[in-house]
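# Observations on chain architecture
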Amino acid sequence: MLGLAVWGIISECMSSYTANKGITNYWISHIFVILEYCFLAAAYYYTFAGRLKKVVLYSLPVFLAFSVLNLFIFNTIEGINSYGRVLESVFLIVFAIAYFNKRFLLLDKQSLEHDPMFLLSAGVIFYFAGNVTAYSLFEQLLKESYDLARICLVFVFLTNIFFYCVQALVIYRAARS
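In this text, all values refer to a predicted model and were calculated from it rather than measured experimentally.

Procedures and definitions
- Residues numbered from 1 in each chain as written.
- Predicted model: local features only at pLDDT ≥ 70, side-chain atom pairs only at ≥ 80, totals over all residues.
- Heavy atoms only, no water.
- Helix = DSSP H or I, 4+ residues; strand = E, 2+ residues; numbered from the N terminus.
- Rg over C-alpha atoms; globule rule 2.2 N^0.38 Å.
- pLDDT = per-residue confidence, 0-100.
- Core = buried A, V, L, I, M, F, W, Y, C linked by side-chain atoms within 4.5 Å.
- Buried < 20%, exposed > 50% of the residue type's maximum accessible area, 1.4 Å probe, protein only.
- Contact = heavy atoms within 4.5 Å.
- Phe/Tyr/Trp six-rings, centres within 6.5 Å; stacked < 30°, edge-to-face > 60°.

### Description of the overall build of the protein
When you go through the protein residue by residue, the secondary structure sums to six helices and zero strands. Tracing the protein from N to C terminus, the helices and strands come up as α-α-α-α-α-α. Its C-alpha radius of gyration of 17 Å places the protein within 12% of the 16 Å reference for a compact globule of 177 residues. A principal-axis box enclosing the C-alpha atoms of the protein has dimensions of 50 × 30 × 25 Å.

Right under this line is the structure:
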């Protein structure tokens, strides 16, 4: 989790720097989404066992292959990485729901307030459900009006802040347990 938080800070700084210099920063999104998925998939990989662990493991090459295709075919390096974010969101929401299912089956054995993965999964569902909605609408809204597309981006920025706060709480809880 600490690696994801550090990578998030670095990519936000790089995005801000390139935007202030007038350079397109869409390429950062392509790299960020791949690394973000790898960090979060690793968290679920080490949490799950059996078939779920294999599903997470097999999702990595599928996601990486789609990301490469996306880079060259769908959303090029000059475009915002909406399709990659949607696939990332779908995979991670499925992992979070699978985690909740696993936890609720074992509810009597461990309390939730001491489980950082429970908080992370709740944050993943909120953050990625918001992102999948915003990014699936973004391309169409951009064709209609730049102002409508900006509303989507403001929502994404707010969910980013929320998810960074969730990551900080997860790191804090993990250090305490």
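### Some points on the confidence of the model for the protein
If pLDDT is low for a region, its predicted coordinates should not be looked at in detail. Residues with a pLDDT of 70 or more make up 98% of the protein, whose mean pLDDT is 87. Of all the helices and strands in the protein, helix H1 (residues 2-20) carries the lowest mean pLDDT, 80, while helix H3 (residues 51-74) carries the highest, 93.

### A look at the nonpolar core
As a rule of thumb, nonpolar side chains are buried together in soluble globular proteins. Counting 27 residues, the largest nonpolar core has Tyr 44, Leu 92, Phe 95, Leu 120, Val 124, Phe 128 and Phe 163 as the members making the most contacts within it. If you list the elements that add at least two residues to this core, you get helix H2 (26-47), H3, helix H4 (82-105), helix H5 (116-144) and helix H6 (146-176). With eight residues, the top contributor of residues to this core is H4. Those residues within four positions of Val 124 in sequence are excluded, and the remaining contacts are Tyr 44, Leu 92, Ile 93, Ala 96, Ala 129 and Phe 163. Of all hydrophobic cores here, the second largest spans eight residues; its members include Ala 134, Tyr 135, Ala 149 and Cys 152.

### Some remarks on the packing of aromatic side chains
Within this structure, the stated rule accounts for 16 aromatic pairs. With 5.3 Å between their ring centres and 80° between their planes, Tyr 45 and Tyr 46 make a pair best called edge-to-face. According to the relative accessible area criterion, Tyr 45 is partly exposed, its value standing at 26%. Judged by its relative accessible area of 67%, Tyr 46 is exposed. Arranged with centres 4.4 Å apart and planes meeting at 5°, the rings of Tyr 127 and Phe 163 form a pair that is stacked. Residue Tyr 127 is located in helix H5, and its partner Phe 163 is located in helix H6; the two are separated by 36 residues in the primary sequence. Accessibility classification places Tyr 127 together with Phe 163 in one group, the buried group.

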